[in-house]
Structures are given as C-alpha cells and as structure tokens.
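# Understanding the architecture of this molecule
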Amino acid sequence: MLELILSDESDTLKMGAAVMCAINGIESDAVEIHLSGNLGAGKTTLIRGILQSTGWEGPVTSPSYTLCEEYEFDSQLFLHVDLYRISESEDVEILDLDRKTSKQKIIFIEWPENLLASRSSHLMIELIHLDHKRQIRVQSDITEIESLIRANYEKT
C-alpha cells in the first residue's frame, strides 16, 4: 500500500496527475477506480487533477446530485460517479457503467461501499482528513501501479 501526506490542494492535484500516469499504464478497455473518504476529503479534487493532466480545461464538479459526470476525449471516456445517495441497485444500473464504447473507459466511483453489487477495481484510493492536510492511501493488485504513482508524484 502506498501512503502519502498531501499538504494542500495543489498536492492533491499533483497526485491526480501521478494517478493518471498509472492509469495510462493499464492496458484495459475499462479501468475502474474506487475512491473513499469522508465528505470534503478531496475525492473530486483528486479527479480534477487527473482530468486536468489530460488537458481538460472545463469545470470538474462533484456528481453528488447528478450521480454521474462524463468527460469525453478522443480516445478516452471518463465517468465520475458519486454513490453517496444511492440506496437501490436500480440507481446504479441506470448509469450503464458497463456500456460498450470504442474508447477506453475510465470509471471513478466515489462511495464504493454503497455499491449493491460487487465490482472489481484496478485501484482503491482512500483520502483521510488530517487537520489541514490529507493522507492518501492507494492500493492495487498490480504492484507496479503504486510505485509508478509514487515516482510520478515525487518527480513533479
């Protein structure tokens, strides 16, 4: 498990860019990342850092009320899902997360503990409040991912 302290928002955005480098190293049509942490822990900020590192210039907002925000690029489709208010399996099914696409699909699920069906993930990221800082914990079954994230985070 990779554990780091993020001092501020810019560190969280920088960590997002490091996570994107790792995502680019995963050879799969669909990459799934589960994010956990209390409200305001920085999950959406981390995703903003990921998207900005790919060139996204628009706003990145929490999908708390929309349930899913989509960001489309030439070769990738990002789905940012927030399951905080989910209580029925139909609420997840309507998002059609397993839909077919010609692009690489990258799915971020906030509050994965609210999933009512089992889904596997390539990365599990937990953000924890520590006074004015955040602790991030990253786990993956693919060992190289954790070391790649650390190397890219420390490089910038």
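Structure: above.
Because the structure is predicted, anything quoted here is derived from the model rather than measured.

As a further point, take the nonpolar core. M15, I23, I33, F78, F108, I136 and I149 are the most contacted members of the largest nonpolar core, which totals 32 residues. Here this core gets 6 residues from one element, more than from any other, and that element is helix α1 (residues 9-24). Formed by 14 residues, the second largest nonpolar core is a distinct cluster that contains V81, L83, V92 and W111.

Right, let's get into the packing of aromatic side chains. According to the stated counting rule, one finds 5 aromatic pairs in the structure shown. Geometrically, the ring pair formed by W56 and F73 is edge-to-face, given 5.8 Å between the ring centres and 65° between the ring planes. Taken together, the positions of W56 in the loop between α2 (43-53) and β3 (68-72) and F73 in the loop between β3 and β4 (76-82) put the pair 17 residues apart, joining distant regions of the chain. Measuring from centroid to centroid gives 4.8 Å for Y84 and W111, while their planes differ by 55°, and the two rings are tilted.

So, on to unusual backbone geometry. Working note: non-glycine residues mostly have negative phi, and peptide bonds are mostly trans. Although it is not a glycine, L67 adopts a positive phi angle of roughly 75°. Structurally, L67 is set in the loop between α2 and β3. For D131, which is not glycine, the phi torsion reads 50° and is therefore positive. Following the sequence through the fold, D131 ends up in the loop between β6 (123-130) and β7 (133-139).

Turning to its location among the elements, T12 is positioned in helix α1. When neighbours within four sequence positions are excluded, T12 is seen to be in contact with L6, G42, T45 and L46.

Where α1 meets α2, the axes come as close as 7 Å, and the angle between the chain directions of the two elements is 55°. Considering the angle they form, α1 stands oblique to α2. Remark: the crossing between α1 and α2 carries right-handed chirality. On α2, the residues touching E9, T12, L13, M15, G16, A17, V19, M20 and I23 of α1 are T45, L46, R48, G49, I50, Q52 and S53. The residue inventory of the contact of α1 with α2, partitioned by class, reads 8 nonpolar, 6 polar and 2 charged.

Conventions used here
Residues numbered from 1 in each chain as written. Predicted model: local features only at pLDDT ≥ 70, side-chain atom pairs only at ≥ 80, totals over all residues. Heavy atoms only, no water. Core = buried A, V, L, I, M, F, W, Y, C linked by side-chain atoms within 4.5 Å. Buried < 20%, exposed > 50% of the residue type's maximum accessible area, 1.4 Å probe, protein only. Helix = DSSP H or I, 4+ residues; strand = E, 2+ residues; numbered from the N terminus. Phe/Tyr/Trp six-rings, centres within 6.5 Å; stacked < 30°, edge-to-face > 60°. Contact = heavy atoms within 4.5 Å. Axes fitted to C-alpha atoms, helices over the stretch in contact; angles between N-to-C directions. Parallel < 35°, antiparallel > 145°, perpendicular 65-115°, else oblique. Left-handed = near helix turned anticlockwise from the far one by under 90°. Nonpolar A, V, L, I, M, F, W, Y, C, P; charged D, E, K, R; others polar.

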